[in-house]
Amino acid sequence: MNSKANYTLHTIFLSAIFLMGNAVIILPFPSADDKTFLGYIFAFFVSLGVCFLLLPILNNLYTKRNFKNSFQKAIFIALYGVTALLSAIEAYRCFYQYADFVSKTVLPKVSPILISLIFIAIAIYLSFRHSSVIFKFSLFSFVLVFIAVAAFFIMSYKNFRLDNISLLQLPTSKELIKQTLPYLLKVFLPFLLVLIYQACQFERIGKKQTLWGLSLGGITLCLTLLNSVLLFGAPFSAGLDFPYASAISTVTVGYLFSRMDGFSYFIYFACCLIKISVCIGIIKSMIKRIFG
Amino acid sequence: MKFEKIFIFLITLILLLTLTGCTGGVYRQPDQQYLVSGIAFKRDKSRIIAFAETVVVNTESTEQGVSRHIFSASGNTAEESLLNLSGKISKPLLFDHCGLIAVDKDLSSEQFSQVIDYCKKNEQINLAAYMISSENTDILFDCEPVSTLTVSYDLLGVIDRVEFLNGIKFHNRYYEVCANKLRESRCFFLPFVLVNKGEYILSGGDVYIDNKMVDSLELTEGALYCLLTDNFSDGKFEDFEISDSKTRFECDLREDTLFITLNIKADLEKGDYAYLSDKIERTLENLRGNTDIFGFKDRISRKYRNLWNTVKDNYNFYYTNAKIEVKYEF
């Protein structure tokens, strides 16, 4: 793919939805306390800095090149191998959390193996299609996801308690690091994979796509985190299996106290499917570079 | 291309067959659905009696409309009593529409815990279900619903109305009760519903600590309690009308004595300031006791970490001997 200008918006939305991935299902982490929101904000800004620092390095490493000698070639093959492995680990983690959610909440009476096979088949199929398919799917998926997240946030607003995130005392550096690290390592660091995907598709990583993708994804994910924490408080949210799904389930309508959590299932499906497809796409590209 | 079409066709077929419930008797839609609108639990010595108010919907004939039924059964635990209840009807009870969880104020701490644990385990029960306290849980659902299908849904409206008119913020949703149980004070405030001559009345609130009811407050006292604990929104009670209230908490430890100051800032739109401040002081003295029902320990642990580390192991001693002062900015 080399029509860079046409896919700027697609890339931004793909990056945003990749960031959300499986994080939207599990945040806040089990170790979250009253300072978790501050930890998230801190992790977001740190990752913004890290992404822009690493951008030229990643551009250099992952765009196609001619190797000067066999030693250099060996180093790059090792790098591509490690990248493929990290993508596989990230894809597995995302898939496991999604399958866990589906088997416990959506389809408890259906065999988890069947759910897994169907989902993996769809993800593999999507990743083996032309990459424009993933970009186009990301475009409309992110719009729908953002609308759903914003709508649920607004509908839950009247039950929010601001003192659930208010800081009555500044945290110590140890407390802040304890809350920041999980977000940095499990949510924002894997974002580098989507930058590598960009490099594989477009032979360069755009600054605009990186900034906007990370920001949009960060803000949307922040809304889901706030939705849970403002409603339940950090300690109770952290103890739930699927905090955001539980938060949405508290939105009720009608005279029969009907729940609306069904509308949230698309959010998880789209985010996880796209993330896994992108990871498989990266693995494919790395294998091609190793053996090509 | 042909292979892709066959593949897509096969995947779609598998999805349709497996995910739409076409697997046999267990998933066959029953002719009647029992939607639980509210559950109540009463203590019977070491056993628990569970009551369920249900809306029975006839799925095969919508002309027959809906009807309301109350069922009860007992068991050694909350879960067992609900299972026995379901067994009596020999139909699955659907808890997706359960909006009310009523607990008998005489439930033991362990029994209350069982109720909470069961509701968490049963993922059908909405985390936003309202919890109430009552001494008449056995006859609560025998009342006639006034404005909705069921007494349970009526009570949700009553609680919302009291919160709106009287300014009392109960924070009595199931998830709020669970969240409060995780705080240092483990204190929560449930609306108290009384049944008198076939009619239900929300007459005040019950304060619980560690799953046990410790104090019962009437509505006015409840409103003053909420003012003291910064849980009051705009509202009226007795001759007073208060808006924009905020209670700031300050604490200091001097010579082994806790000095607690509550700064109540509000717009007193109606009522006498001196009379209100006198009522607040008397409420504080009456409710103070030897147990911190105001949740001061939550404030101390969050705002004064070093002080909390000093007092936490012997908090009751410090609380009992604490000097509490209330300042007003009306």
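Residues numbered from 1 in each chain as written. Chains lettered and ligands numbered in written order. Predicted model: local features only at pLDDT ≥ 70, side-chain atom pairs only at ≥ 80, totals over all residues. Heavy atoms only, no water.

### Let's talk about empty space enclosed by the protein
Part 1: Taken as a whole, this structure holds one cavity of 30 Å³ or more when the rule is applied.
Part 2: What lines the largest cavity is A:Arg161, A:Asn164, A:Leu231, A:Phe232, A:Gly233, B:Glu176, B:Ala179, B:Asn180 and B:Arg183.
Part 3: Contributing elements (two or more residues each) for the lining of the largest cavity: helix H9 (207-232) of chain A together with helix H5 (174-181) of chain B.
Part 4: By residue number, the principal contributor to the lining of the largest cavity is H5(B), which donates three residues.
Part 5: Grouping the amino acids of the lining of the largest cavity by side-chain chemistry returns three nonpolar, three polar and three charged. (1 Å grid on protein atoms, 1.4 Å probe; cavity = no way out; pocket = protein on both sides within 12 Å on 5 of 7 lines; lining within 4 Å. Points joined across faces, edges and corners; volume = space filled by probe spheres on them. Helix = DSSP H or I, 4+ residues; strand = E, 2+ residues; numbered from the N terminus. Nonpolar A, V, L, I, M, F, W, Y, C, P; charged D, E, K, R; others polar.)

### Focus: the interface of chain B and chain A
Part 1: On the chain A side, the residues contacting the 39 residues of chain B number 37 residues.
Part 2: With both chains or domains summed, chain B and chain A bury close to 3200 Å², and 59% of this area falls on carbon and sulfur atoms.
Part 3: Interface area lost by chain B to chain A is led by B:Tyr175, B:Arg302 and B:Arg305, which between them contribute 22%.
Part 4: Linking chain B to chain A there are two salt bridges.
Part 5: Note that B:Arg305 and A:Glu175 form a salt bridge whose closest N and O atoms lie 3.4 Å from each other.
Part 6: Across the chain B-chain A interface, the total number found is seven residue pairs in polar contact (both at pLDDT 80 or more).
Part 7: Counting only elements with at least two residues in the side of chain B that touches chain A, the list comes to helix H1 (2-19), helix H4 (151-166), H5 and helix H8 (296-303) of chain B.
Part 8: Counting residues per element, the side of chain B that touches chain A draws most heavily on H1(B), which supplies eight residues.
Part 9: The residue inventory of the side of chain B that touches chain A, partitioned by class, reads 21 nonpolar, eight polar and 10 charged. (Contact = heavy atoms within 4.5 Å. Buried area = accessible area lost by both parts, 1.4 Å probe. Salt bridge = Lys/Arg side-chain N within 4 Å of Asp/Glu carboxyl O. Polar contact = N/O pair within 3.5 Å; in protein donor to acceptor, adjacent residues only side chain to side chain.)

### Side note on the packing of aromatic side chains
Part 1: As enumerated under the stated definition, the model contains 47 aromatic pairs over all chains in all.
Part 2: Ring geometry for A:Phe95 against A:Phe119: centres 6.4 Å apart, planes inclined by 20°, an arrangement best described as stacked. Of this pair, A:Phe95 sits in helix H4 (residues 70-106) while A:Phe119 sits in helix H5 (residues 112-128), and the two are 24 residues apart along the sequence.
Part 3: Taken together, B:Phe170, B:Phe189, B:Tyr225, B:Phe249, B:Phe294, B:Phe296, B:Tyr304, B:Trp308, B:Tyr315 and B:Tyr319 form an aromatic cluster joined through their ring pairs.
Part 4: Stacked on the ring of B:Phe259, the Lys or Arg B:Arg254 has its end atom at 4.0 Å from the ring centre. (Phe/Tyr/Trp six-rings, centres within 6.5 Å; stacked < 30°, edge-to-face > 60°. Lys NZ or Arg CZ within 6 Å of the ring centre and 35° of its normal.)

### Focus on the domain arrangement of chain B
Residue and element names in this part refer to chain B.
Part 1: Partitioning chain B into structural domains gives domain 1 (31-234) and domain 2 (238-330).
Part 2: Of the roughly 2100 Å² buried between domain 1 and domain 2 on both sides combined, carbon and sulfur atoms contribute 62%.
Part 3: Where domain 1 packs against domain 2, one counts one salt bridge.
Part 4: Here Asp230 and Lys246 are joined by a salt bridge, their closest N and O atoms 2.9 Å apart. (Domains from an automatic or database assignment.)

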